[in-house]
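The residues making up each chain are set out below.
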Amino acid sequence: MVLSELGNKISSALAVMNNTTIVNEETINQLLKEIGNALSLADVQMSLIIQMRKNIMAKIKLDQLAAGLNKRKLIKRVVYEELIKLVDPGVPAWKPTKGKPNVIMFVGLQGAGKTTSVTKLAYFYKRKGWSTALICADTFRAGAFIQLQQNATKAKIPFYGSEDEKDPVAVAKKGVDIFKKEGAEIIIVDTSGRHKQDAELFAEMKQVEQAVKPDNVIFVMDSSIGQAAYDQATAFKSSVGVGSVIITKMDGHSKGGGALSAVAATKCPIIFIGTGEHIPDLDLFNAEGFISKLLGMGDMPAMMQMIKDVVPEDPKAIDDIVNGKFTLRNMKQHFQQILKLGPIDKFVQNLPGLSNLPQLSGNEGNLKLKAYINIMDSLSDKELDGKKPITRPRMLVIAQGSGRHPREVIELLEQFKMFEKTFKQKGIQNIANNMAKGGA
Ligand code: GDP
């Protein structure tokens, strides 16, 4: 079962419980049975599901609950907390230090998505203002050099590799030395994989590890392997000092729940998930945000992070959001910045209630944003700052002035209302406050 279906199943099981007249042992058993079945279909290990049920039962002792307590709310909260635990390894992830070289080595089986993910990670840091570099030490797979060179060129990231040198240790060492001298802050080494875990692969990984002395080793794993993730992550962790994990191919039809929970059970911190074949398709992994999004509640920490990423040069815009103020001008700025980043579907996916808007996804979404920006160009300062309402006759004038259909003007204003409502929710302000203080 794909993750969206898992989320729907759990949400509907919770909704059924919410609508029952009496909440008793039987209701809870039924709820846990349905959640357990859904998790099992998403490939989550049975032992983890059993443990989760036990934890939930232990936290909800119906006979000991005070009269008048909102049992439904309590049950929902406990289920939510336990779902988070399922994908949270409870171990802090390594973080690079600014102003010094941070060497990161990637390991994983062939086809897991290593070469794609090294560029994604370098690009992630580059966008945040770090100087990054890529090294291809995969001398095993024909084509690895060209693939990484092309990706690096596309992302405008310095690259080192050699088509002639067959010793991965020599290439890795030389590349790291060069980029350290050049003052790169994030130096990522892509190593070779094999079709299966074997002694040769682990021996090579260890040699490269000894040569480049990485600050962090990232293990890349394909989400579609499901429950086998536990054994694979354990094997890599015990061979080289794996510090973090990236789980790829979480888009599409993989049963990602199995991989996420299995890896978390090995106490390997999951730092990112790969969500597509393109360079920006890498999402920071946050257990709470992930479960929130799974249950259709949106991923507010991710959304706020994206806003921070897209409006770094305009701290006032962040302040406005923190203070619960959201105007058409803010929306225009956001749209302009989002357009610079490419497809907007990621941004929209993280908004509660907006994730299903068909008109705002992929390239079509980008065209729509451009149309909206055109319309907003025709607004007066007072209208942009929310100091003057936009009347129906004015909408027609704006449509004419921007060369758009009046329907689109109405659509934009409706869209704005939805954004405004979302941004004004107290919860979002709290999250934004946390982020402003350096949290979340
Ligand atoms: P490597 O052998 O581990 O270096 O794997 P590659 O980086 O060459 O990736 C293998 C295939 O998986 C390629 O076709 C990639 O485009 C694809 N891939 C990697 N990450 C993702 C992802 O997050 N989502 C999707 N859909 N495909 C991915």
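One numbering rule holds for all chains: residues counted from 1, following each sequence as written. Thresholds applied to this predicted model are a pLDDT of at least 70 for local features of residues and 80 or more for the giving and counting of side-chain atom pairs; totals over whole chains, interfaces and linings are not thresholded and use all residues.

**Student:** Mind laying out unusual backbone geometry, listing which residues take part and the relevant values?
**Tutor:** Peptide bonds are trans in most cases, and residues, glycine excluded, mostly fall at negative phi. With a phi close to 55°, K156 is a non-glycine residue in the positive phi region. Of note, K156 is situated in the loop between α6 (144-154) and β3 (159-160). Remark: C-beta atoms are placed from the backbone, and a residue is labelled buried if 20 or more other C-beta atoms sit within 10 Å of its own, exposed if 12 or fewer do, or partly exposed between those counts. The class for K156 is exposed, based on 9 C-beta atoms found within 10 Å. Look at K267: it is not a glycine, yet its phi comes out positive at around 65°. Secondary structure elements are defined from DSSP: runs of H or I of at least 4 residues count as helices, runs of E of at least 2 residues count as strands, and each element is numbered from the N terminus. Topologically, K267 is positioned in the loop between α10 (256-265) and β7 (270-274). Since 12 C-beta atoms lie within 10 Å of it, K267 is described here as exposed.

**Student:** A description of the UniProt feature "domain: SRP54-type proteins GTP-binding" (unreviewed entry) in the protein should follow, citing residues and the corresponding values.
**Tutor:** UniProt positions are given in the numbering used here, feature names are shortened, and annotations may be inferred rather than shown by experiment. Mapped onto this numbering, the UniProt entry gives "domain: SRP54-type proteins GTP-binding" (unreviewed entry) at residues 269-282. End C-alpha atoms of residues 269-282 are separated by 16 Å, and the span's content is 0% helix alongside 43% strand.

**Student:** Mind laying out the sheet that holds strand β8 (residues 282-284), listing which residues take part and the relevant values?
**Tutor:** DSSP bridges decide pairing: two strands pair if at least two such bridges lie between them. A sheet is described by the order of its strands in space; here eight strands give the open sequence β3-β2-β4-β1-β5-β6-β7-β8, paired in mixed fashion. Of all strands in the sheet, those bounded by a partner on one side alone are β3 and β8. The sheet contact formed by β7 and β8 spans three bridges and is antiparallel. Its bridge partner being in β8, G274 is matched across the sheet by L282.

**Student:** Quick one: what's the story with the nonpolar core, residue by residue and with numbers?
**Tutor:** Core membership is restricted to buried Ala, Val, Leu, Ile, Met, Phe, Trp, Tyr and Cys residues, and these are joined into a nonpolar core through C-beta atoms within 7 Å. Core analysis: the largest hydrophobic core is formed by 89 residues, its most contacted members being I135, I188, V189, F219, M221, V245 and V263. A domain assignment, automatic or from a database, supplies the domain bounds used here. When residues of this core are sorted by domain, at least three fall in each of domain 1 (3-87) and domain 2 (102-294). M331, Y372, I375 and V409 belong to the second largest nonpolar core, which has 11 residues in total.

**Student:** Mind laying out α10, listing which residues take part and the relevant values?
**Tutor:** Counting buried positions along α10 gives 10 out of 10 residues, so the element sits mostly inside the fold. Two residues or fewer after α10 comes K267, characterised by a positive phi angle close to 65°.

**Student:** Lay out the packing of helix α3 (residues 46-59) against helix α4 (residues 71-87) with the relevant residues and their values.
**Tutor:** For the pair α3 and α4, the least separation of the axes is 10 Å and the interaxial angle reads 145°. You can see that α3 and α4 cross each other, and the crossing is right-handed. Contacts between α3 and α4 involve L48, M52, N55, I56 and K59 on the former and, on the latter, V78, V79, E82 and L86. Classification used: nonpolar for Ala, Val, Leu, Ile, Met, Phe, Trp, Tyr, Cys and Pro, charged for Asp, Glu, Lys and Arg, polar for all others including Gly. When the residues that make up the contact of α3 with α4 are grouped by side-chain class, the tally is six nonpolar, one polar and two charged. The axes are straight lines fitted to the C-alpha atoms, using for helices just the contacting stretch, and the angles between their N-to-C directions are given from 0 to 180°. Less than a right angle of anticlockwise turn of the near helix away from the far helix marks a crossing as left-handed, whereas a clockwise turn marks it as right-handed. By the convention adopted here, residues are in contact when the distance between their C-beta atoms, placed from the backbone, does not exceed 7 Å.

**Student:** Account for the environment of K114, with residues named and values stated.
**Tutor:** With respect to the helices and strands, K114 occurs in helix α5 (residues 114-127). The spatial distance from the C-alpha of K114 to the C-alpha of V220 is 5.9 Å, given a sequence separation of 106 residues. When sequence neighbours within four positions are dropped, the list of residues in contact with K114 reads F106, G108, D190, G193 and V220.

**Student:** How would you sum up the environment of L83? Please name residues and give values.
**Tutor:** Considering the arrangement of structural elements, one finds L83 in helix α4. A count of 26 C-beta atoms within 10 Å places L83 in the buried class. Between the C-alpha atoms of L83 and I49, which are 34 residues apart in sequence, the distance is 9.7 Å.

**Student:** Explain helix α2 (residues 25-41) residue by residue, including any values.
**Tutor:** Its 17 residues place the ends of α2 24 Å apart at the C-alpha level, agreeing with the 24 Å of an ideal helix rising 1.5 Å per residue. The set of residues buried in α2 consists of I28, L31, L32, I35, A38 and L39. The buried residues of α2 occupy one face: seen down the axis, they fall within an arc of 125°. Across from the buried face of α2, at angles greater than 90 degrees, the exposed residues are E26, N29 and K33. In a helix, the anticipated span is given by 1.5 Å times the number of residues less one. Each direction from the helix axis to a C-beta atom contributes to the arc, which is the arc of those directions.

**Student:** Describe the pairing of strand β6 (residues 242-248), with residues and values.
**Tutor:** Within β6, seven of the seven residues are buried, which leaves the element mostly enclosed by the surrounding structure. Two elements, strand β5 (residues 216-222) and β6, share six bridges in a ladder whose sense is parallel. Residue I218 lies in a different strand from β6, and its bridge partner there is S244. The path from the first strand over the helix to the second decides the hand: if it runs clockwise while the strands point away from the viewer, the crossover is right-handed. You can see the chain leave β5, run along helix α9 (residues 229-239) and come back into β6, and the turn it takes is right-handed. Note that β6 and β7 share three bridges and pair parallel. Looking across to β7, one finds that I246 is bridged to F272.

**Student:** Provide a residue-level description of the pairing of strand β4 (residues 186-191), including the pertinent values.
**Tutor:** Side-chain positions along a regular strand alternate between the two faces of the sheet. For β4, a buried count of six out of six residues is recorded, marking the element as mostly surrounded by other parts of the structure. Of the two faces of β4, the one holding I186, I188 and D190 and the one holding I187, V189 and T191 are both buried throughout. Pairing between strand β1 (residues 102-107) and β4: five bridges, direction parallel. Counterpart to I104 in the pairing with β4 is I188.

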